[in-house]
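Read off the chains here:
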Amino acid sequence: QVQLVESGGGLVQAGGSLRLSCAASGRTFSTYTMGWFRQAPGKEREFVAAIRTSGSSTHYADSVKGRFTISRDNAKNTVYLQMNSLKLEDTADYFCAGGQGILVVTMARLYDYWGQGTQVTVSS
């Protein structure tokens, strides 16, 4: 069993930056593909970014490409999401997720473990 705990959310002005962290329990973190998803009020959960086990392969939603960077530190069992040039439409609850053997990283249902989420609010 893996537990995921997100942190780093908050209120930021448009154009600003935030870094989200997701700390994982357990000794098998390095074998998990990790992803970030978000859900805005009244909207469905959507894929944001994902990173493969070694960190050498990353994937991004078009809406965040060039602004967000996902990374991981397997020694610290932590995955990060650096968010720059934040926009009003980035406002959402952000969730960390992990899974093994994920072929399509954009599909939320393929992830086995989820954090409780951290709220990000971008103001004008």
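Along each chain, residue indices are assigned from 1 in the same order as the chain's sequence is written. The predicted nature of this model means local features are confined to residues of pLDDT at least 70 and side-chain atom pairs, given and counted, to a pLDDT of 80 or more, with totals for whole chains, interfaces and linings taken over all residues. The basis for every side-chain value is the complete set of heavy atoms in the structure, and neither hydrogens nor water enter the calculation.

Draft legend 1. Molecular detail of the state of the cysteines. The criterion for a disulfide is a pair of cysteine sulfur atoms lying within 2.5 Å. By the definition in use, this model includes one disulfide. Here Cys-22 engages in a disulfide with Cys-96; their sulfurs sit 2.0 Å apart. On the sign convention where negative means left-handed, the S-S torsion of about -75 degrees between Cys-22 and Cys-96 marks this disulfide as left-handed. Highlighted residues: Cys-22 in strand S3 (residues 18-24) and Cys-96 in strand S9 (residues 92-99), separated in sequence by 74 residues. Both residues of the pair, Cys-22 and Cys-96, count as buried. Runs of E in the DSSP output that reach at least two residues are strands. Runs of H or I that reach at least four are helices, and both are numbered from the N terminus. Each residue gets one of three labels from its accessible area relative to the maximum for its type: buried under 20%, exposed over 50%, partly exposed in between, using a 1.4 Å probe on protein chains only.

Draft legend 2. Here's a closer look at unusual backbone geometry. Not every positive phi belongs to a glycine, and Asn-77 is a case in point at roughly 55 degrees. Relative to the elements of secondary structure, Asn-77 occurs in the loop between strand S7 (68-73) and strand S8 (78-83). Residue Ser-85 is not a glycine yet carries a positive backbone phi of 50 degrees. Topologically, Ser-85 is positioned in the loop between S8 and S9. Taking the relative accessible area as the measure of exposure, Ser-85 reaches 43% and is therefore partly exposed.

Draft legend 3. Just the nonpolar core, in detail. In terms of nonpolar packing, the biggest core is built from 37 residues, with Met-34, Trp-36, Val-79, Leu-81, Met-83 and Tyr-94 touching the most fellow members. Put simply, the parts of the chain that give this core at least two residues each are S3, strand S4 (33-39), strand S5 (46-51), S7, S8, S9 and strand S11 (118-123). At five residues, the largest contribution of residues to this core is made by S5. In plain words, nonpolar cores are sets of buried Ala, Val, Leu, Ile, Met, Phe, Trp, Tyr and Cys residues tied together by side-chain atoms within 4.5 Å.

Draft legend 4. The arrangement of the side chain of Asp-90 in detail. Here Asp-90 lies in the loop between S8 and S9. Once residues lying within four places of it in the same chain are set aside, the contact partners of Asp-90 are Arg-38, Arg-67, Phe-68, Ser-85, Val-120 and Val-122. Contacts: residue pairs with any heavy atoms within 4.5 Å of one another.

Draft legend 5. Structural context of the packing of aromatic side chains. Here is the rule: rings of Phe, Tyr and Trp (six-membered ring for Trp) pair when centre to centre is within 6.5 Å. Planes less than 30 degrees apart are stacked, more than 60 are edge-to-face, and the remainder are tilted. Enumeration over the complete set of coordinates arrives at five aromatic pairs. Judged by centre distance (5.1 Å) and plane angle (55 degrees), the rings of Phe-37 and Trp-114 are tilted. Residue Phe-37 is found in strand S4, and its partner Trp-114 is found in strand S10 (residues 113-114); the two are separated by 77 residues along the sequence. Any Lys NZ or Arg CZ that is within 6 Å of a ring centre and within 35 degrees of that ring's normal is treated as a charge sitting over the ring. Sitting over the ring of Phe-95, Arg-45 keeps its end group 3.9 Å from the ring centre. Across from the ring centre of Trp-114, 4.8 Å away, lies the NZ or CZ of Arg-45, which sits over that ring.

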